[in-house]
Amino acid sequence: MSAGAQLSVTDQRRMARHPVDHPVIAEHHGKGDMRMHIANISANGFMIDDAEDVSRGDRVVVRLPVIGRIEAYCIWCRDNRAGFQFERIIRVDDFLSLIDTVQPNPRLRKLR
């Protein structure tokens with residue numbers, strides 16, 4: 001049996017990332033509720049910039065606007081940042097609504 005996260009989607013880190021400034025409370029199985037700050041997000045995952053207590057392979061559940069509760073796995077950690085991959089891909093229309101909600105500055109939104 002291999003160690004680490006068993007994801008139903010492949011690693012697709014080439015997806016467009018949208019800069020955001022969105023605090024969330026993540027549910028961690030072993031550590032309980034953790035405050036996280038999402039710095040960028042894509043349809044496949046997100047990056048936080050306050051990853052003091054996060055390790056590669058950690059699994060969290062976050063609640064995002066429009067999307068609701070979604071599970072994510074820590075794919076990488078470096079310095080004070082960490083990248084998470086969602087356990088499923090978010091539908092395009094839901095993702096665009098999410099961006100409109102968490103990125104209110106239209107200049108930072110990607111053109112559609």
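Here the structure is shown first, and the text comes after it.
This report concerns the structure included in the present document. Numbering of residues starts from 1 in every chain and runs along the sequence as written. Given that this is a predicted model, residues contribute local features only at a pLDDT of at least 70 and side-chain atom pairs are listed and counted only at 80 or more, while totals for whole chains, interfaces and linings are drawn from all residues. The basis for every side-chain value is the complete set of heavy atoms in the structure, and neither hydrogens nor water enter the calculation.

**Observations regarding the nonpolar core**
Using the following cut-off: We call a set of buried residues a nonpolar core when its members are Ala, Val, Leu, Ile, Met, Phe, Trp, Tyr or Cys and they connect through side-chain atoms within 4.5 Å of each other. Residue exposure (1.4 Å probe, protein chains only): buried if accessible area is under 20% of the type maximum, exposed if over 50%, otherwise partly exposed. Any pair of residues with heavy atoms lying within 4.5 Å of one another is described as a contacting pair.
In terms of nonpolar packing, the biggest core is built from 27 residues, with M36, I41, F46, I48, V54, L64 and F84 touching the most fellow members. Setting aside anything within four residues of it in sequence, one finds V54 in contact with K31, M34, M36, I48, C74, C77, A82 and F84.

**Re the pairing of strand β4 (residues 59-64)**
This is how the line gets drawn: A pair of strands is labelled paired if DSSP reports no fewer than 2 bridges between them. In this description a helix means any DSSP run of H or I spanning at least four residues, a strand means any run of E spanning at least two, and both kinds are numbered starting from the N terminus.
Two elements, strand β1 (residues 18-28) and β4, share 2 bridges in a ladder whose sense is antiparallel. Looking at β4, one finds that E27 is bridged to V61. Across 6 bridges, β4 lies against strand β5 (residues 68-78) in antiparallel orientation. Along β5, the bridge assignment pairs L64 with G68. Connecting β4 to the antiparallel partner β5 that follows it, the hairpin turn spans 3 residues, and V66 within it adopts a positive phi of roughly 70°.

**Considerations on the pattern of salt bridges**
As a reminder of what qualifies: A pairing counts as a salt bridge when a side-chain nitrogen of Lys or Arg comes within 4 Å of a carboxyl oxygen of Asp or Glu.
Per the counting criterion, the structure on display carries 6 salt bridges. Note that E27 is salt-bridged to R69, the shortest N-O span being 2.7 Å. With E27 in strand β1 and R69 in strand β5, the pair connects residues that are 42 residues apart, well separated along the chain. In this structure, the salt-bridge partner of E87 is R88, at a minimum N-O distance of 3.5 Å. Judged by relative accessible area, E87 falls into the partly exposed class, the value being 25%. Taking relative accessible area as the criterion, R88 reaches 35% and is therefore assigned partly exposed. Residues joined in a network through salt bridges with shared partners are R91, D93 and D94.

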